[in-house]
Amino acid sequence: SLSKKFWKNKFISQDKFHLLLKIQLTNKLAKRNSSGYLEFKEKIESIAKNFPFWNFHLMGHQIMEHYLLEDAIKTQKKITPFLLFLMGLLAFFLFKDFKIVLGLFLTILLSRSLIIYCIYLKDFTMKPFVGFILFFVMIVATSDYIHFFTVFQHTKGKLNDRIKETKEQILFPCFLTTLT
């Protein structure tokens, strides 16, 4: 049946040396994201050992997603410490206080952790573009933190009054910047 005109050059190349074999991962395997792909890849590689003259190439959405996620994780491991250093340096330059820098790092850690926890609750997987969201959250958290302490430094009075006045002044604008 593959020799009919309709199938010509669809799955088997004209030179009869290339074969396209489509295998659809089941939802159960696909939901496990990268681990499902890795199991499938290992099985294909074990088959390929028996046929050294064959070339196997895997492609598709789950495979692309797996490699994008790997790349996002690798990139975050390189960029995140540098960004944290720059943000800490900026906070120290602006406020000249290590306690404020430590508070900034705790704010960033808390906001990133909450985002990861919410994503985990939603669908139990980390998608490749979550990395971009985490960087964005880190930048917004830093911006809001700097706004808070800039206004806080310019308010007068007792500590509780200064905190209350600062929250009243910046809560809505920071909410709007975070929302947009």
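Below or above, wherever it landed, is the structure these notes cover. (Residues numbered from 1 in each chain as written. Predicted model: local features only at pLDDT ≥ 70, side-chain atom pairs only at ≥ 80, totals over all residues. Heavy atoms only, no water.)

**Here's the deal with the overall build of the chain**
Per the secondary structure count, the chain includes six helices and zero strands. Along its sequence from the N terminus, the chain presents helices and strands in the succession α-α-α-α-α-α. Buried residues in the chain amount to 28% of all 180 residues. Intrachain contacts of the chain at a sequence separation of at least 6 include 52% that bridge at least 24 residues. As displayed, the chain has an accessible area near 14000 Å², and 68% of this comes from carbon and sulfur atoms. (Helix = DSSP H or I, 4+ residues; strand = E, 2+ residues; numbered from the N terminus. Buried < 20%, exposed > 50% of the residue type's maximum accessible area, 1.4 Å probe, protein only. Contact = heavy atoms within 4.5 Å. Areas by Shrake-Rupley, 256 points an atom, 1.4 Å probe, with all protein chains shown as cover.)

**Details of the packing of aromatic side chains**
Applying the stated rule across the entire model yields six aromatic pairs. Relative to F152, the ring of F148 lies with its centre 6.1 Å away and its plane at 10°, an arrangement referred to as stacked. With F148 and F152 both in helix α5 (residues 130-154) and four residues apart, the pair spans about one turn of that helix. A relative accessible area of 13% places F152 in the buried class. Aromatic rings pair up to connect F95, Y145, F148, F149 and F152 into one cluster. K96 extends its terminal NZ or CZ atom over the ring of F93, reaching a point 4.8 Å from the ring centre. It is R162 that lies over the ring of F152; its NZ or CZ is 4.2 Å from the centre. (Phe/Tyr/Trp six-rings, centres within 6.5 Å; stacked < 30°, edge-to-face > 60°. Lys NZ or Arg CZ within 6 Å of the ring centre and 35° of its normal.)

**So, the environment of D97**
Looking at the secondary structure, you find D97 in the loop between α3 (61-95) and α4 (98-123). Classification of D97 by relative accessible area gives partly exposed; the value is 29%. A distance of 2.9 Å separates the side chain of D97 from the backbone nitrogen of K99, its partner in a polar contact. (Polar contact = N/O pair within 3.5 Å; in protein donor to acceptor, adjacent residues only side chain to side chain.)

**Considering α3**
For α3, which comprises 35 residues, the first-to-last C-alpha distance of 47 Å matches the rise-based estimate of 51 Å (1.5 Å per residue) to within 8%. A maximum bend of about 30° is found in α3 at I79, where proline P81 lies one to four positions downstream. Looking at the residues trailing α3, positive phi occurs at K96, about 55°. (Expected span 1.5 Å × (residues − 1). Bend = angle between axes of the 7 residues up to and from the residue.)

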